[in-house]
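Chain by chain, the residues:
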Amino acid sequence: MAGRPLALIAGLGDGLGVSLTGVLSAAGYDVTALSRSGRAAAAAAAEAERAGGAFTHYACDLTKHAEVAATVAPIAKRIDVLVHTAHAILIRPFAETSPEEFEAVWRAGCLSAMNVASIIVPEMAARRQATAIFTGATASIRGGAKFPAFASAKFALRGFAQALAREMGPKGVHIAHVIVDGLIDEPQTTQRFGSASSTRIDPEAIAATYLNIVRQPPSAWTHELDLRPSSESF
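What comes next concerns the included structure.

Definitions and cut-offs
Once a new chain begins, its residue numbering starts again from 1 and follows that chain's sequence as written. Totals for whole chains, interfaces and linings use all residues, but because this is a predicted model, local features are given only for residues with pLDDT of at least 70 and pairs of side-chain atoms are given and counted only at 80 or more. With hydrogens and water excluded, all non-hydrogen atoms of the structure serve as input to the side-chain values. In this description a helix means any DSSP run of H or I spanning at least four residues, a strand means any run of E spanning at least two, and both kinds are numbered starting from the N terminus. Buried, partly exposed and exposed residues are distinguished by accessible area as a fraction of the type maximum, computed with a 1.4 Å probe on protein chains only: under 20%, between the cut-offs, and over 50%, respectively. Contacts were defined at the residue level, with two residues in contact if any of their heavy atoms lie within 4.5 Å. His residues and chain termini do not enter the charge count, which takes Lys and Arg as positive and Asp and Glu as negative. Charged side chains are reduced to one point each, which is NZ for Lys, CZ for Arg, CG for Asp and CD for Glu. Pairing between strands is defined by DSSP: at least two bridges between them are needed. Crossovers are described as right-handed under a simple rule: with the strands pointing away from the observer, the path leading from the first strand over the helix to the second runs clockwise.

## Digging into the overall build of the protein
Regarding its fold elements, the protein presents seven helices and seven strands. Along the three orthogonal principal directions, the C-alpha set of the protein runs to about 50 × 35 × 35 Å. For the protein, with 234 residues in total, the buried portion stands at 50%. Residue pairs at least 24 apart in sequence account for 73% of intrachain contacts in the protein once pairs closer than 6 positions are excluded. Both charge centroids of the protein, one from 21 positive and one from 21 negative side chains, sit 4 Å from each other.

## A word on the side chain of Ser35
Among the secondary structure elements, Ser35 is positioned in strand β2 (residues 30-35). Residues in contact with Ser35, not counting those within four places in the same chain, are Leu12, His57, Tyr58, Ala59 and Cys60.

## Some remarks on the pairing of β2
Across the six residues that make up β2, a large majority, six, are buried. Bridge analysis of strand β1 (residues 6-10) against β2 gives five bridges, and the strand direction is parallel. Bridging across to β2, Leu8 finds its partner in Thr32. Since β1 and β2 lie parallel, the crossover through helix α1 (residues 16-26) that links them has a hand, and here it is right-handed. In terms of strand pairing, β2 meets strand β3 (residues 55-59) through five bridges, oriented parallel. Residue pairing for β3: Ser35 is matched across the bridge by Ala59. In this view, the connection linking β2 to its parallel neighbour β3 by way of helix α2 (residues 41-50) has right-handed handedness.

Right, dumping it as structure tokens:
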């Protein structure tokens, strides 16, 4: 697969991460993925193989900058697409949320983006042609009851993406923030909220939208968009 462009998924998980691997592989990318657990790696590898691409997974704690740098720096010059999906959800009343839990959610959802971007985005700017997409949520724009930690992390990620877009856009790097306003139809959603329903978002559809963002010409870049099922109120 020499010569194929490389996409990096930071925070590989079942559902969206696997769908992104398949869609990007079919579009001509080799895919490298990072996550602390290799739980979704086998499914992602199968998707890449089915689509004719190569897949590599590295076990990596995205909240630790030195670990991210050691893992990503050797391939940073090759990465044309970065998709950040890492997060940690904590559903708990504010009075029951400890400072340690609050910080852990922020580290997983926001600091991880900084750690990955700090290694990859400068290399993208040097080439003046690349895309970095950061995955937001309903909590990026609306803090709900029992979500003080998660909403704070997602608000912070949104601000980080905005600032990065304004700085890196003139340098040829397309920075996008996608607000996923609803539940993604993936195993971890079912584990947390119960059996699947028609109101969930198809991860394949999200992945297809991400690919459309990657393919946008510089004269008409999207920075932020929101995705939700037709049944979702907003």
